[in-house]
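Structure at a glance
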Amino acid sequence: MDVPLTDLGYLERFCKCDRSRMEKYIRLYIDVSPGLFADLAVKAAAGDADGLALAAYSLRPQVNYMGAHQVFEALTNIEQKARTEGTAACAELIARLPGMNERVVDELRAALGHP
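Given the structure is predicted, the values throughout are model-derived calculations rather than measurements. Just so you know, the residues in each chain are numbered from 1, in the order the chain's sequence is written. Where local features are concerned, this predicted model is filtered to residues with pLDDT of at least 70; where side-chain atom pairs are given and counted, the filter is 80 or more; whole-chain, interface and lining totals use all residues. Based on all heavy atoms of the structure, the side-chain values leave hydrogens and waters out of the count.

**A look at the environment of Ile-30**
The following threshold applies: Put simply, DSSP H or I for four residues or longer makes a helix, DSSP E for two residues or longer makes a strand, and each gets a number counted from the N terminus. Here's how the labels work: a residue is buried when its accessible area is under 20% of the maximum for its type, exposed when over 50%, partly exposed in between, all with a 1.4 Å probe on protein chains only. We call two residues contacting when some pair of their heavy atoms lies within 4.5 Å.
Relative to the helices and strands, Ile-30 resides in helix 2 (residues 19-45). By relative accessible area, which is 11% here, Ile-30 ends up buried. In this structure the C-alpha to C-alpha distance between Ile-30 and Leu-93, which are 63 residues apart in sequence, comes to 21 Å. Excluding residues that lie within four positions of it along the chain, Ile-30 makes contacts with Val-105, Leu-108, Arg-109 and Leu-112.

**Brief notes about the nonpolar core**
Generally speaking, soluble globular proteins have nonpolar side chains that are buried together. Selection criterion: By nonpolar core is meant a set of buried Ala, Val, Leu, Ile, Met, Phe, Trp, Tyr and Cys residues that side-chain atoms within 4.5 Å join together.
In this structure, Phe-37, Leu-40, Val-71, Leu-75 and Leu-97 are the most contacted members of the largest nonpolar core, which totals 33 residues. Contributions of two or more residues to this core are made by helix 2, helix 3 (49-65), helix 4 (69-85) and helix 5 (91-112). In terms of residue count, the dominant contributor to this core is helix 5 (eight residues). Beyond its immediate chain neighbours, meaning those up to four positions away, Leu-75 contacts Phe-37, Leu-40, Ala-56, Leu-59, Arg-60, Val-63 and Leu-97.

**Quick notes on the side chain of Asn-101**
Where we set the bar: Polar contacts here mean pairs of N or O atoms no more than 3.5 Å apart (in protein, one a potential hydrogen donor and the other a potential acceptor; neighbouring residues in sequence count only if both atoms are side-chain atoms).
Its place among the elements puts Asn-101 in helix 5. Assessed through its relative accessible area of 4%, Asn-101 is described here as buried. A polar side-chain atom of Asn-101 sits 3.1 Å from a polar atom in the side chain of Ser-33.

**Points about the packing of aromatic side chains**
Filter applied, for reference: Two aromatic rings, drawn from Phe, Tyr or Trp (for Trp, its six-membered ring), form a pair once their centres lie within 6.5 Å of each other, and the interplanar angle then sorts them: stacked below 30 degrees, edge-to-face above 60, tilted otherwise.
Enumeration over the complete set of coordinates arrives at four aromatic pairs. On the basis of an interplanar angle of 70 degrees and a centroid distance of 5.7 Å, the ring pair of Phe-14 and Tyr-25 is categorised as edge-to-face. With a gap of eleven residues between them, Phe-14 in helix 1 (residues 9-14) and Tyr-25 in helix 2 connect regions that are remote in the sequence. Residue class for Tyr-25 comes out partly exposed when judged on its relative accessible area of 22%. Between Phe-14 and Tyr-65, the ring centres sit 4.9 Å apart and the planes meet at 25 degrees, which makes this aromatic pair stacked. Taken as a pair, Phe-14 in helix 1 and Tyr-65 in helix 3 lie far apart in primary sequence, 51 residues in all. On the basis of relative accessible area, Phe-14 is assigned to the partly exposed category, the value being 29%.

That's the geometry; what it means functionally is another story.
Written out as structure tokens, the structure reads:
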């Protein structure tokens, strides 16, 4: 079995163990994250390195709240590479992100009791 991509410990501390508050943040992430990750691919395809870097930077806190450390690291790398090497250097990482986020969303749904 794969190692989980999420660790809700940070969110639990952030929400002071308030389960309903945690569920609110988890549901929000589940709803909006696919579109945000799709935006990364659009910016990369358009050759918009600055937009790609900003989109990756903007998405990092949300990923961090969910404890998705591998995704956070990938976004950090995308931001840095987009700024220094351009969008083409980010292609491999961007291609992996939708699958990674799908796993994160699946894990979050399971945490809510909705597999």
